[in-house]
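Coordinate analysis (summary)
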Amino acid sequence: MKKNILFLLLILTFSLRSQKSYFQQEVNYTIQVKLDDVNHELDGNISIVYTNNSPDKLNFIWMHLWPNAYKNNQTALGKQLLENGSTRFQSARDDERGCIDKLQFKVNGQDVEVVQHPDWIDVCQIFLTRPMEPGEKIIITTPFHVKIPIGVFSRMGHIGQQYQITQWYPKPAVYDKHGWHPMPYLDQGEFYSEYGSFDVSITLPENYVIKATGDLVDGEKEYEWWRKKDEETRKKNFEENTTLPNGKETPLYNDEFPESSANFKTLRFRQQNVHDFAWFADKRYNMLRGEVELPHSKRKVETWLIFTNGESKLWKDAVPYINDAIYYYSLWNGDYPYAHATAVDGALSAGGGMEYPNITVIGQMSNPFLLETVIMHEVGHNWFYGILGSNERQHPWMDEGINSFNENRYIETKYPKAGILGESDPAWYTRLVDLDNVLHKEQYYYSYLIGCKVRKDQPIEEQSAKYTPFNYGGIVYSKTAIMFDYLMAWLGEQTMDKAMQLYFDTWKFKHPYPEDLRFVMEKVSGKDLGWFFDEIIGTTRRIDFKITGVEERDGKYTVTVKNTGEITAPVNLYAFLSADSTGTSLGWSEPLAPGKSFSFTTDAKEVRYFRIDPRLDIPEYNRNNNIMRSRGILKKTEPLQFKFIGSLDSPERTSLYWVPAGGWNYYDGAFAGLVMYNNLIPQKHFEFTVAPMFGLYSRKPIGIADASLHFHPQSLFSDITFSGRVKKFSYHDFPSSREFMAFRHSAHFVFRNKNPRDNKSHSVTLSDHRIFAENFAVRMEGAGVTFDPVTDETVVQQFTYQLRVPHAIHGWNTGVIAEYSKDHMKLMWKGNFQYHFVRLKRSAELRLSGGMFLQDNGAAADKYSFRLNNATGAQDYLYEDAFLARNMTDGLLSRQIGPENSNFTYDSPVGVNKKWMASAHLRIGIPRVPLLKLYGSFAFIPEDSAAYQPTQFEAGVFLGILNETITVYIPLVFSEDLANDIALYGWKRWELIRFSLDLNRVNPLNMIRNLDL
């Protein structure tokens, strides 16, 4: 009893505190709207009673007209989608887009001036005829018409006659202690809206199933129809299939849209204490009803599932998912305050799911566990977005992050043995890479860690629109979830629950800010949480703890743990006995400052080893220093694991991965061996790949090896990589097999971008190439010929500056290369410009290149000459590209060319020079003809270059296979000089076809390691 009284006093204290400086506007809506499902339009009228509870006079009100986000490519939504790499909205036809119009705003019956926001067409400003005093109410009215976009762009739309009607009506922006919050509609970045009530009447054909925010008013007939559909749905056998005449299987209950009824119905929905209203309608919906008793009040909440036949096998068993979500979120945070909740199976583009008060829409799911996870997550947003109405655009972690923390807690509570892929038995391929041993919450950890390792993460406290697409998931959702899980592990679940319940009771139906959550957490816990809210939430500093020593004396162990990270934080330690697999906790420390140590003691006997955080509660940057054995010489040495393919990094072992490898070239024949490497993801400080192989024809050891040392300083450069590579293969077979060894050492520097969303990349590379190729000197001895073995050595240094500007429509890159050897010095420039015709689904690419010699030491520099053609194997003097027959002069394999240079295909003496050259190469995709492109190459050479014309050209057809890993050039037209040269040598047309290989495009290790963050 005493505890309850204290808790009530605490609530009262918080309530009084929040009222001192807090105010909140009230917005009450009455809306009538009619659906036209032929033209996919809405016609409606809205009346808004706006109450000014602020201490300020208001001269205007910002209004959100979010359907206008779908009007054209220049909206904030259109720009963000393109910036995030999607071109679907850019290519949309006018009839696929959406808008809101026919607006005639009046205030208290009088016309008002309406001014569009200077930057956003989905935001406007209505100016009041006189200032609105504190405590005053006004009535804002307008008719409105909405053209519903197709449902593939964002959250609102239709697919056929299935409707997702969200962010669909004129809506006042929030005015709070920080002023007005007008904002455009965004796909990445959700909302901030004012609380009030909704009274919404919706008219549509009577055979539509419709569910919405709010309670159904005077709808006994409609509710009885829902109950009947619930009974019918329970009798269906969704496991059966039927075979159509074309032989394809389809669900027994087909999913074609039935004709709309000629009769209309009007349904009225009402709800208090919400800040949004959404509704969903489809004539094909099945319905299932459930009920859940709340843990605290014991009140019962009605739950509904509405779903089509498409994923009915999953949805038919999903009632417990929504019930359990409501129960556990209520248990930990506070009872669900509304009468009902609905989950909708939606075919629209809302990501995995999207939340609205009382109702949530779920996208296509692949298995029951994933469906439950998404339903639970979206239902949970009724608390963290719906009831606790934080500003999601400014502080998205207060919504998505804390909700993801609850999501993980739900899975750990209900499915304690669940792995990263759920509760199902892991498939053979997941066992192969050890994913069957990965805990569910580690998915959040690795989502954060991938960016953290390369210093491309961002703070948890950041505006949603400022995150990179990768970090929006990896930080807002994942990092916040594991950090709050860390906080709960340190505080204890009981303290965490008390804090979250007080936060709920104090701030429900209000607008809390981060400082409000912190105030509650500190008062309930009695602890200073500056280390958490200032450092973990506010910075990208990294957590890392290390066991520095284990000492045994008088039957007692003393274990020293040091904070080697960048952030003040607490640490725990476990002792593992000889026969113990779970460990014994030695407790938690208080938050340790960086560089500080803490000693844990135990008198446990037969301790085998000590480990920091075996429950994986601490999101450490580096877990490979967390284990130390109690005795022995090499206490820190981890056992070596030699594993097929790979796995996620483990603190318990050092792993070396392998896969079989093989290939073929003309001189070595078929070759086979292994690829061995020390890492996949996330990036390690030191990474290597070794691929020893053996040529079955040359009978020689060959292969490739590379190693990289990565640094990510917080300075002028974001990435510094020192790397080395060596490759050894045969490259000629006369008079006997000859080999080359090519070494490349480089230092690569990437300049830091101030804005993480700026995906431009400036880099400088210093590289040293050393190639040693076996050769033979010809010596005459009498009537015989002797071949004396010699080694040709090529040493070339390069300085490269490169600028990359990726863009979904018009990306480009350019680079300058200065190259030097003892025989030459030249300067080269390359540029690559791409334009995607999004509606045609084709692209054009322009490659420009040029160069000039600054120094030439005569004949020795011939191999460095400028050439029209893409280098053949013999002309690839740096041995950078992979050639099947590097020095072959005739036959099919001799027609392989490299992917770079001036992009002429014919190897001609025309234009070979050591002065200067400039060239252009254009490729254009052919509409409705996949893989094929037209190409044209143009070159400009010195006028006195062997009496050839200064301008040369070639044109033809280009075929790209496997994302242009294999390319085939079919030349059709040549300039006069090239045509004469072809005629002189008697080349046939088919002999002019050339091909190239770019194996870097399909290197799986590179594809995995170089994730686009």
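Residues numbered from 1 in each chain as written. Predicted model: local features only at pLDDT ≥ 70, side-chain atom pairs only at ≥ 80, totals over all residues. Heavy atoms only, no water.

Here's the deal with helix α5 (residues 319–333)
The end-to-end C-alpha separation of α5 is 21 Å, in line with the 21 Å expected for 15 residues at 1.5 Å each. Taken across its 15 residues, α5 has eleven buried, putting it largely inside the fold. (Helix = DSSP H or I, 4+ residues; strand = E, 2+ residues; numbered from the N terminus. Expected span 1.5 Å × (residues − 1). Buried < 20%, exposed > 50% of the residue type's maximum accessible area, 1.4 Å probe, protein only.)

Brief notes about the packing of α5 against helix α8 (residues 400–414)
It is the contact of α5 with α8, at a shortest axis distance of 11 Å, that shows an interaxial angle of 110°. When the axes of α5 and α8 are compared, the pair comes out roughly perpendicular. By crossing handedness, the relation of α5 to α8 is classed as right-handed. Between α5 and α8, the residues in contact are Pro-320, Tyr-321, Asp-324, Ala-325, Tyr-328, Tyr-329, Trp-332 and Asn-333 and Asn-403, Asn-406, Glu-407, Arg-409, Tyr-410, Thr-413 and Lys-414, respectively. Across the contact of α5 with α8, the residue classes tally to seven nonpolar, four polar and four charged. (Axes fitted to C-alpha atoms, helices over the stretch in contact; angles between N-to-C directions. Parallel < 35°, antiparallel > 145°, perpendicular 65-115°, else oblique. Left-handed = near helix turned anticlockwise from the far one by under 90°. Contact = heavy atoms within 4.5 Å. Nonpolar A, V, L, I, M, F, W, Y, C, P; charged D, E, K, R; others polar.)

So, the packing of aromatic side chains
Aromatic rings in a pair are described by how distant their centres are and how their planes are angled relative to each other. Evaluation of the coordinates by the stated rule reveals 68 aromatic pairs. For the ring pair Tyr-70 and Tyr-185, a centre distance of 5.7 Å and an interplane angle of 40° mean the geometry is tilted. Taken together, the residues span a long stretch of sequence, with Tyr-70 in the loop between β3 (58–64) and α2 (76–83) and Tyr-185 in the loop between β14 (179–180) and β15 (196–205) at a distance of 115 residues. Of the two residues examined, Tyr-70 and Tyr-185, each falls in the buried class. (Phe/Tyr/Trp six-rings, centres within 6.5 Å; stacked < 30°, edge-to-face > 60°.)

Comments concerning the nonpolar core
In this structure, Trp-168 and Trp-279 are the most contacted members of the largest nonpolar core, which totals 181 residues. The dominant element in this core, judged by the number of residues it contributes, is helix α11 (residues 469–491), at twelve residues. Sequence-distant contacts of Trp-279, defined by excluding residues within four places in its chain, comprise Val-33, Leu-35, Leu-42, Tyr-163, Gln-164, Ile-165, Trp-168, Ile-202, Ile-210, Lys-211 and Ala-212. Among the nonpolar cores identified, the runner-up in size contains 36 residues, and Tyr-864, Tyr-877, Tyr-906 and Leu-978 belong to it. (Core = buried A, V, L, I, M, F, W, Y, C linked by side-chain atoms within 4.5 Å.)

Details of the pattern of salt bridges
Going through the model one piece at a time under the given rule, you end up with 46 salt bridges. Among the salt bridges present, the one from Glu-302 reaches Arg-289, with a minimum N-O distance of 2.6 Å. Taken together, the positions of Glu-302 in strand β23 (residues 300–307) and Arg-289 in strand β22 (residues 286–293) put the pair 13 residues apart, joining distant regions of the chain. Here Asp-862 ties to Lys-914 by a salt bridge, and the two come within 2.8 Å at their closest N and O atoms. Of this pair, Asp-862 sits in the loop between β45 (842–856) and β46 (916–925) while Lys-914 sits in the loop between β45 and β46; the two residues are 52 residues apart in sequence, bridging distant segments of the chain. What makes Asp-862 partly exposed here is its relative accessible area of 38%. Beyond isolated ion pairs, a larger network of salt bridges with shared partners links Glu-845, Arg-847, Arg-923, Lys-933 and Glu-964. (Salt bridge = Lys/Arg side-chain N within 4 Å of Asp/Glu carboxyl O.)

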